[in-house]
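Structural features, examined
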Amino acid sequence: MATIRPRIGVMGGTFDPIHNGHLVAASEVANAFQLDEVIFVPTGLPWHKKTVSSAEHRYLMTVIATAANPNFTVSRVDLDRPGITYTVDTLIDISAAHPDADLFFISGSDAIAQILAWKQIDKVWSLAHFVAVTRPGHTLELPDAPGAQMSVLEVPAMAISSTAVRERSNTGKPIWYLVPDGVVQYIGKHGLYGGAK
């Protein structure tokens, strides 16, 4: 009798801060691909961004944001590994922790558009099925990548961005309902992005 392999989503990101668009995307992918769990992986030192908030702040905001969903967990693999964070290392570590699972890497359409430039991309293809989430009405051309497993899923609420949340917070505009309530309070308590309102 064949055993059913667990299906695990991996959602990597800077999460600076995590917002409701991330959570909706994870929930929609989990439903569409019948995932048993989605692991959120805050990036340690992202190779493509020069300045980010401290890893601990981003990790704790992600824990707060995902706490209410029993199928969401948060991993520290990228935070605890020294050096620059690359997706290939993230997937190797998650795969080692869940050797019996099929992995589904959840990413925004902007990142997927640049995927062929990722480190060790041929190795990355062998580690996970890639799901590119896109906002309604946005067309995404998947890159030509023989051997890659890629899908596109249109997701509501993807117009929210971490950049916009930071800018709104910095200029005193409200960020309620763009990010989970606990994250609004965390940002305000720690004075991130000029404080929250």
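Look up: the structure comes first, before these words.
Predicted, not measured: the structure shown is a model, and the values here were computed from it. (Residues numbered from 1 in each chain as written. Predicted model: local features only at pLDDT ≥ 70, side-chain atom pairs only at ≥ 80, totals over all residues. Heavy atoms only, no water.)

1. Section: helix H2 (residues 55-66)
Threshold: Secondary structure elements follow DSSP: runs of H or I of four or more residues count as helices, runs of E of two or more count as strands, with numbering from the N terminus. What a helix is expected to span follows from its residue count: subtract one and scale by 1.5 Å. Relative accessibility decides the category of a residue: with a 1.4 Å probe and only protein chains considered, values under 20% of the type maximum give buried, values over 50% give exposed, and everything between is partly exposed. Note: the arc covers the axis-to-C-beta directions of the helix. Contact criterion: two residues are considered in contact whenever any of their non-hydrogen atoms come within 4.5 Å of each other.
The terminal C-alpha atoms of H2, which comprises 12 residues, lie 17 Å apart, in line with the 16 Å expected from a rise of 1.5 Å per residue. Every buried residue of H2 is accounted for by Arg58, Tyr59, Met61, Thr62, Ala65 and Thr66. The buried residues of H2 all sit within an arc of 165 degrees when viewed along its axis, so they share a single face. Buried-residue contacts for H2 involve helix H1 (20-32), strand E2 (37-42), strand E4 (72-74), helix H3 (77-80) and helix H8 (181-190).

2. A look at the side chain of Asn20
Defined as follows: Polar contacts, as used here, are pairs of N or O atoms within 3.5 Å; protein pairs need one atom able to donate a hydrogen and one able to accept it. Residues neighboring in sequence count only if both atoms are side-chain atoms.
Assignment of secondary structure puts Asn20 in helix H1. A distance of 2.9 Å separates a polar atom in the side chain of Asn20 from the backbone oxygen of Tyr177.

3. Structural notes on the sheet that holds strand E1 (residues 7-13)
Our working definition: When DSSP finds two or more bridges between a pair of strands, those strands are recorded as paired. Only the stretch in contact is used when fitting a helix axis, every axis being a line fitted to C-alpha atoms; angles between N-to-C directions are given from 0 to 180 degrees.
Sheet architecture is open: 6 strands sit in the order E4-E2-E1-E6-E7-E8, paired in parallel fashion. Single-partner strands in this sheet number two, and they are E4 and strand E8 (150-154). Neighbour to neighbour, the strand axes of the sheet diverge by 25 degrees on average, direction disregarded. Examined bridge by bridge, E1 and E2 share 6 bridges and lie parallel to one another. Within E2, the residue paired with Ile8 across the bridge is Glu37. On the sheet, H1 packs against E1, E2, E4, strand E6 (102-108), strand E7 (129-134) and E8 and is oriented at approximately 145 degrees with respect to E2.

4. Focus: the packing of aromatic side chains
The criterion, for reference: Here is the rule: rings of Phe, Tyr and Trp (six-membered ring for Trp) pair when centre to centre is within 6.5 Å. Planes less than 30 degrees apart are stacked, more than 60 are edge-to-face, and the remainder are tilted. Two conditions define a charge located above a ring, namely a distance within 6 Å from the ring centre to NZ of Lys or CZ of Arg, and an angle within 35 degrees of the ring normal.
One pass over the structure, following the stated rule, counts 6 aromatic pairs. With a centroid separation of 5.8 Å and an interplanar angle of 45 degrees, the aromatic rings of Phe33 and Phe104 are classed as tilted. With a gap of 71 residues between them, Phe33 in the loop between H1 and E2 and Phe104 in strand E6 connect regions that are remote in the sequence. When sorted by exposure, Phe33 lands in the same class as Phe104, which is buried. Ring geometry for Phe105 against Phe130: centres 5.3 Å apart, planes inclined by 45 degrees, an arrangement best described as tilted. In this pair, Phe105 is assigned in strand E6 and Phe130 in strand E7, connecting sequence segments 25 residues apart. Neither Phe105 nor Phe130 differs from the other in exposure class; each is buried. Among the aromatic residues, those joined into a cluster by ring pairs are Phe15, Phe40 and Phe72. Cation over ring: Arg76 sits above Tyr59, and NZ or CZ is 4.7 Å from the ring centre.

5. Notes on the pairing of E6
Across the 7 residues of E6, 5 count as buried, placing the element largely inside the fold. The pairing of E1 with E6 spans 5 bridges and is classified as parallel. When the sheet's bridge partners are listed, Arg7 is paired in E6 with Asp102.

6. Observations regarding the nonpolar core
To be explicit about the condition: To qualify as a nonpolar core, a set must consist of buried Ala, Val, Leu, Ile, Met, Phe, Trp, Tyr and Cys residues joined through side-chain atoms within 4.5 Å.
Counting 31 residues, the largest nonpolar core has Met11, Ile18, Val29, Val38, Phe40 and Met61 as the members making the most contacts within it. Listing elements by their share of this core, those giving two or more residues are H1, E2, H2, E6, E7 and H8. Ranked by the residues each element gives to this core, the list is headed by H1, at 5 residues. Discounting residues that sit within four places of it in the chain, Ile18 has contacts with Leu23, Phe40, Met61, Thr62, Ala65, Thr66, Val179, Pro180 and Val183. The next biggest cluster of nonpolar side chains, apart from the first, holds 22 residues, and it includes Val88, Ala101, Ala128 and Met150.

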